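# Topology and contacts: notes
So you can see what is in the structure, the chains are spelled out below.
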Amino acid sequence: MAGIIKGGWLYREESVQGSLTTWKKRWNVLTLQKLQCYKHNNATEPISSVSVASIEEMAYGANVSGDKNREFAFTLTTPRGIVKLAAEDEETRKNWCDTLRALVPKAKIELAKEMLMRKAKRKANLELAQQQIKEAIESILRDSKRVAVRGGFKTYADALSECFLGLLDSVDLVAEMGLNSAKQCAYSISSIVDSANSAAAICTNKAIQDEIVVRTRDIAIETANLLGYATTASHDSVAQQKMFECIASIKEQVQQMLELLAAAGELQQELDDAKAYIEEALEAQMNVGPSTRTDKDIEACMDILNDRAKILSTTIKNIANNACV
């Protein structure tokens, strides 16, 4: 065994049944960290172990063992109880006691160093996680500023809806995994911004464009707020409450966006179909030969589309008003 400072035979008081005890001769090995007891000197697994740094008091003398036959006994007091040991003679006992007396302070120092190193490592890991959170938040905020109108909408609206559904999954992970889900949220927002730009650019309705831009930016900023609260939610009840409020807010805003995209996608598809119909009708009028479509048909179609556009405009306003409540 590496790091052995001392080894030898000692008697150890052990429980046998209830309150009954007996003394057993055991092989003991002392290292800076532990005093381990084995059944024999060839055993590989200890039957008991005492942390050297946990030894609070050591006593020896004729009376410490409670057994007049154990004249060379000594005891070790630890937070887990008292360990009673005995040597064959005074010289052996003195040697063990002197060695332990010199070793205990060193063991306590080493334990303190180890605890400090663990604390420093935890702090470093936390700082690393917080840095990742910060980078994720900055990435989200940068992406939120990239949302703009860059000029067949239904396909893009469906793709954007899929991205928002992915964000909902990422947001749920924040409550379960905390800081470890930061990168996933940042990735989701980045995908949403790219899809929102494409959808807004291809949309021919200015009101829908504006809603996509504003709502996407708001959701991105709220996601950044969520990650900020997640940084301290594990040990701050107020931050934890704010985190869950952000999750609820994001889910509500995403649901409104999904409803908007579904309605806008349906109308935009009808507008695209109507545009193709009108172009076809106009082209037919310019060609030689009879046309199956009249100006009255075209005007009626445009009136219907205009009515549906008004309905959608009202729907968009209602969504905006509900979001502000």
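A brief report on the enclosed structure follows. (Residues numbered from 1 in each chain as written. Predicted model: local features only at pLDDT ≥ 70, side-chain atom pairs only at ≥ 80, totals over all residues. Heavy atoms only, no water.)

### Some details on the overall build of the chain
For clarity, the threshold we go by: Only DSSP runs of H or I with at least four residues qualify as helices, and only runs of E with at least two residues qualify as strands; both kinds are numbered from the N terminus onward. Using a 1.4 Å probe on the protein chains alone, a residue whose accessible area is under 20% of its type maximum counts as buried, one over 50% counts as exposed, and one in between counts as partly exposed. The accessible surface values rely on the Shrake-Rupley method and a 1.4 Å probe; as for residues, cover is taken only from the protein chains in view.
Counting its secondary structure elements, the chain contains six helices and seven strands. Listing each helix as α and each strand as β along the chain from the N terminus yields β-β-β-β-β-β-β-α-α-α-α-α-α. For the chain, the residues scored as buried account for 37% of the 325 residues in total. About 19000 Å² of surface is accessible on the chain, with carbon and sulfur atoms providing 52% of the total.

### Focus: the pairing of strand 4 (residues 48–51)
Side chains on a regular strand alternate between the two faces of the sheet. Spelled out, the test is: We treat two strands as partners when DSSP finds at least two bridges between them.
Burial of the side chains of strand 4 is restricted to one face: Ser48 and Val50 are buried, whereas none of Ser49 and Ser51 on the reverse face is. Relative to strand 4, strand 3 (residues 34–38) runs antiparallel, the two sharing four bridges. Within strand 4, the residue paired with Lys34 across the bridge is Ser51.

### Considerations on the nonpolar core
Test applied: For this analysis, a nonpolar core means a set of buried residues of the types Ala, Val, Leu, Ile, Met, Phe, Trp, Tyr and Cys, connected via side-chain atoms within 4.5 Å. For this analysis, residues touch if any pair of their heavy atoms sits within 4.5 Å.
Ranked by internal contacts, the top residues of the largest apolar core, which has 37 residues, are Phe153, Leu160, Phe164, Leu167, Ile212, Leu226 and Val254. Looking at this core, the elements with two or more residues in it are helix 2 (153–177), helix 3 (182–202), helix 4 (206–230) and helix 5 (237–286). For this core, the element with the most residues is helix 5, which contributes ten residues. Setting aside anything within four residues of it in sequence, one finds Phe164 in contact with Ile192, Thr216, Ile219, Val254, Met257, Leu258 and Leu261.

### Examining the pattern of salt bridges
Put simply, the rule is: Each reported salt bridge corresponds to a side-chain nitrogen of Lys or Arg within 4 Å of a carboxyl oxygen of Asp or Glu.
Using the criterion set out here, one finds twelve salt bridges in the structure. With a closest N to O distance of 3.1 Å, Asp98 and Arg101 form a salt bridge. Placement of both Asp98 and Arg101 in helix 1 (residues 90–145) is noted, with a separation of three residues, approximately one turn of the helix. Judged by its relative accessible area of 33%, Asp98 falls in the partly exposed class.

### With respect to the sheet that holds strand 3
As a general point, the strands of a sheet are linked pairwise by backbone hydrogen bonds and lie either parallel or antiparallel. Convention followed: Axes here refer to lines fitted to C-alpha atoms; in helices the fit is confined to the stretch in contact. Angles between the N-to-C directions go from 0 to 180 degrees.
The antiparallel open sheet is built from seven strands, whose spatial order is 4-3-2-1-7-6-5. If you trace the sheet from one side to the other, it starts and ends with strand 4 and strand 5 (57–60), each paired once. Direction aside, the axes of adjacent strands within the sheet are offset by 30° on average. Sheet topology note: the strand 2 (residues 20–30)/strand 3 ladder contains four bridges and is antiparallel. Looking at strand 3, one finds that Trp27 is bridged to Tyr38.

### Here we look at the environment of Asn41
Structurally, the position occupied by Asn41 is in the loop between strand 3 and strand 4. For Asn41 and Gly7, which are 34 residues apart along the polypeptide, the C-alpha to C-alpha distance reads 9.1 Å. Here Asn41 is in contact with Trp9 and Trp27, once residues within four sequence places are set aside.

### A word on the packing of aromatic side chains
Worth spelling out the cut-off: Pairing of aromatic rings covers Phe, Tyr and Trp, the last through its six-membered ring, and needs centres within 6.5 Å; plane angles under 30 degrees mean stacked, over 60 mean edge-to-face, and all others mean tilted. Our definition puts a charge over a ring when NZ of Lys or CZ of Arg is within 6 Å of the ring centre and also within 35 degrees of the ring normal.
According to the stated counting rule, one finds one aromatic pair in the structure shown. When the ring of Trp9 is compared with that of Trp27, the centres are 5.3 Å apart and the planes differ by 75°; the resulting orientation is edge-to-face. Separated by 18 residues along the polypeptide, Trp9 in strand 1 (residues 6–17) and Trp27 in strand 2 bring together distant segments of the chain. The partly exposed category is assigned to Trp9, whose relative accessible area is 33%. The residue whose ring lies beneath Lys6 is Trp96, and the NZ or CZ to ring-centre distance is 4.9 Å. For the cation-ring pair, Lys25 lies above Trp9, with the distance from its terminal atom to the ring centre recorded as 5.7 Å.

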